[in-house]
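In case you want the letters, here they are:
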Amino acid sequence: MPELARQAGIGPATVYRHFDTINDAMMAFENRTIEGLIDEIVQTRAHLRGLACFHQVCLLWATRAATVSADARYIRSPAGFLQRLQQQDPQITLLSDNLQFILQDLSSEGTLPSLDGVRLDTAALLWVTLFDERMIVDLTRTQGWTASHTADFLGSAVLAGLKGTA
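To keep things clear, this report deals only with the structure shown in the data block. (Residues numbered from 1 in each chain as written. Predicted model: local features only at pLDDT ≥ 70, side-chain atom pairs only at ≥ 80, totals over all residues. Heavy atoms only, no water.)

Some words on helix 3 (residues 22–47)
Logical step 1: Between its terminal C-alpha atoms helix 3 stretches 39 Å, which fits the 38 Å expected from 26 residues at 1.5 Å a residue.
Logical step 2: Listed in full, the buried residues belonging to helix 3 are Ala-25, Glu-30, Thr-33, Ile-34, Gly-36, Leu-37, Ile-38, Ile-41 and Thr-44.
Logical step 3: Packed against the buried residues of helix 3 are helix 1 (2–8), helix 4 (50–66), helix 5 (81–86), helix 6 (90–108) and helix 8 (133–142). (Helix = DSSP H or I, 4+ residues; strand = E, 2+ residues; numbered from the N terminus. Expected span 1.5 Å × (residues − 1). Buried < 20%, exposed > 50% of the residue type's maximum accessible area, 1.4 Å probe, protein only. Contact = heavy atoms within 4.5 Å.)

Quick notes on a nonpolar patch on the surface
Logical step 1: A surface patch of nonpolar side chains, about 210 Å² in accessible area, is lined by Leu-4, Ile-22 and Met-26.
Logical step 2: Tracing the sequence through the fold places Leu-4 in helix 1. (Patch = residues over 30% accessible without salt bridge, like charges linked within 9 Å, V, L, I, M, F, W, Y side chains within 5 Å. Areas by Shrake-Rupley, 256 points an atom, 1.4 Å probe, with all protein chains shown as cover. Salt bridge = Lys/Arg side-chain N within 4 Å of Asp/Glu carboxyl O.)

Side note on the pattern of salt bridges
Logical step 1: Summed over the entire model, instances satisfying the criterion amount to 6 salt bridges.
Logical step 2: Of the charged contacts in the structure, one is a salt bridge between Arg-134 and Asp-132, with a shortest N-O distance of 2.8 Å.

This is the structure we're talking about:
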């Protein structure tokens with residue numbers, strides 16, 4: 001905790017006033033990161049549908065992961081996406097619901113084949129897996145790709161993977 005305070009440029013007492021343990025601080029950071037992403041997805045869904053919505057969400061996700069939430073790659077939850085859904089983690093459930101809505105919309109407009117035989121939470125898992133912060137940071141920092149190029153590449157992989165499920 002003292003190292004966290006030093007890195008943040010604040011006193012240790014301030015950190016302890018807000019967090020009991022380093023795990024509490026890391027969970028708060030993860031929660032804030034997920035909440036920010038969900039807020040942007042909800043705003044995008046309010047204005048766009050179908051493939052345009054999918055591409056915009058991919059872009060904002062890649063942009064956030066390459067910048068704002070890049071450090072989230074260091075504090076991964078030991079529980080997987082589907083496990084956290086089963087545990088009814090409110091943020092993961094909200095994220096999954098929003099992604100599933102977009103995926104269902106892609107299926108309805110014909111961009112994806114019918115997802116009737118595919119569990120939508122599993123389809124959302126594919127999207128979440130490919131848009132992992134570690135992957136995005138690797139492509140943007142190591143390969144020097146822009147967030148836009150990264151979003152297009154990973155988004156195409158999501159669509160190709162889901163088209164292969166039919």
